[in-house]
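Close look at the chain arrangement
Below, each chain spelled out in residue letters.
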Amino acid sequence: MSKSYASKSSARSRKGRADGGNIPKLPLFAIGGVFLAAFAALVVFTSMKPPPASAIGGPFQLVAHNGQTVTEKDFLGRPFLVFFGYTHCPDICHTTLFEISEILRALGPKANVGALFVTVDPERDTPPVLKEYLSNFDPRIVGVSGERAQLDPMLKEYRIYAKKAAESGEDYAVDHTTVVYLMDKNGRFVSSFNVGRKPADAARDLERYL
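All of the points below concern the structure found in this document. Quick caveat: nothing in here was measured; it's all calculated off a predicted structure. (Residues numbered from 1 in each chain as written. Predicted model: local features only at pLDDT ≥ 70, side-chain atom pairs only at ≥ 80, totals over all residues. Heavy atoms only, no water.)

Details of the sheet that holds strand β5 (residues 141–145)
Convention followed: In this analysis, strands are considered paired if DSSP registers two or more bridges between them. Helix and strand assignments come from DSSP, with helices taken as H or I runs of at least 4 residues and strands as E runs of at least 2, each series counted from the N terminus. For helices, the fitted axis covers only the stretch in contact; all axes are lines through C-alpha atoms, and the angles between them, taken along N-to-C directions, range from 0 to 180 degrees. Here a residue-residue contact requires only that any non-hydrogen atoms of the pair lie within 4.5 Å.
Strand order across the open sheet formed by seven strands is β2-β1-β5-β4-β3-β8-β9, with mixed pairing between neighbours. The sheet is open, and its two edges are formed by β2 (69–71) and β9 (189–192), each paired on a single side. Taken pair by pair, the neighbouring strands of this sheet meet at an average axis angle of 35°, ignoring direction. Where strand β1 (residues 61–64) and β5 come together, two bridges link them in antiparallel fashion. The partner of Val63 across the bridge, within β5, is Ser145. Running over the sheet, helix α3 (residues 92–107) touches β3 (80–85), β4 (114–119), β5 and β8 (180–183) and is turned about 165° from β3.

Encoded structure:
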């Protein structure tokens, strides 16, 4: 081996060790991007965690569609579903109440299960209006309304967003949370309840809390 070849080989070896064996280095902005993505994924994951049971529900006193005063105590002793909406809702409220009715029908008329429909539009949804609207659904669904001072605390207790849309006039819409809650026999929050599946499947799930 010539001295010239040995010298070049040694120089290449030293260069390889100096630059980490030709391993490419990530630029700082790429490393920062990786950590930022990981942090964002962590934030999304934690935000998807369901709220603790104690965070949903609470006492209320409102007026039912039959004119009687209703409180949370009237639902004790049986599981019940809670849904917030309004009678002028264009589609989702009617559909959800129909799905709840189908689940109750699948359970049978003797099943000790309740359902509560709370208006987010008490200015229009008086008890008589609720009574007429709910005549299209299962009679076990109780519609409730009341003064804003009574209703707003319940919206807060159930973590419900509701805001009147910007349109003027009487034919306005109300943006609102459309989740259905399942409460147990003691009035404690169990979980959100999927009413969009087959009624028989949802009924079997609900039977576990009877």
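Following the structure, the description resumes.
Comments concerning the pairing of β8
Keep this limit in mind: Any residue under 20% of the maximum accessible area for its type is buried, any over 50% is exposed, and the rest in between are partly exposed; the area is computed with a 1.4 Å probe on protein chains only.
Residues Val180 and Leu182 of β8 are buried on one face, and the alternating residues Tyr181 and Met183, pointing to the opposite face, are buried as well. Where β3 lies against β8, four bridges are found, and the strand directions are antiparallel. Residue pairing in the sheet places Leu81 in a bridge with Leu182 of β8. Where β8 and β9 come together, three bridges link them in antiparallel fashion. Bridge pairing links Met183 to Phe189 in β9.

Side note on the pairing of β3
The test is simple: With strands facing away from the observer, any crossover in which the path from the first strand over the helix to the second runs clockwise is taken as right-handed.
Across the six residues that make up β3, a large majority, six, are buried. What you see with β3 is no split at all: Phe80, Val82 and Phe84 on one side and Leu81, Phe83 and Gly85 on the other are buried throughout. Relative to β4, β3 is paired through six bridges, and the arrangement is parallel. The residue bridging Phe83 from the neighbouring strand is Phe117, located in β4. Where the polypeptide runs from β3 across α3 and back to β4, its parallel neighbour, the crossover connection is right-handed.

Section: the pattern of salt bridges
Pairing between side chains becomes possible if they bear opposite charge and their charged atoms approach one another. Short version of the rule: By salt bridge we mean one thing: a side-chain nitrogen of Lys or Arg within 4 Å of a carboxyl oxygen of Asp or Glu.
Taken as a whole and judged by the stated rule, the model has nine salt bridges. With its nearest N and O atoms 3.0 Å apart, the salt bridge here joins Glu102 to Arg105. Separated by three residues within a single helix, Glu102 and Arg105 lie in helix α3, roughly one turn from each other. The class for Arg105 is exposed, based on a relative accessible area of 57%.

Here we look at the side chain of Arg140
Using the following cut-off: Counting of polar contacts relies on pairs of N or O atoms within 3.5 Å, with two restrictions inside protein: one atom must be capable of donating a hydrogen and the other of accepting it, and residues adjacent in sequence are counted only when both atoms are side-chain atoms.
Relative to the helices and strands, Arg140 resides in the loop between α4 (127–134) and β5. Engagement of the side chain of Arg140 in a polar contact is seen with the backbone oxygen of Gly108, the distance being 2.8 Å. Those residues in contact with Arg140 that lie beyond four places of it in its chain are Leu104, Arg105, Gly108, Pro109, Ala111, Val113, Gly114 and Ala115.

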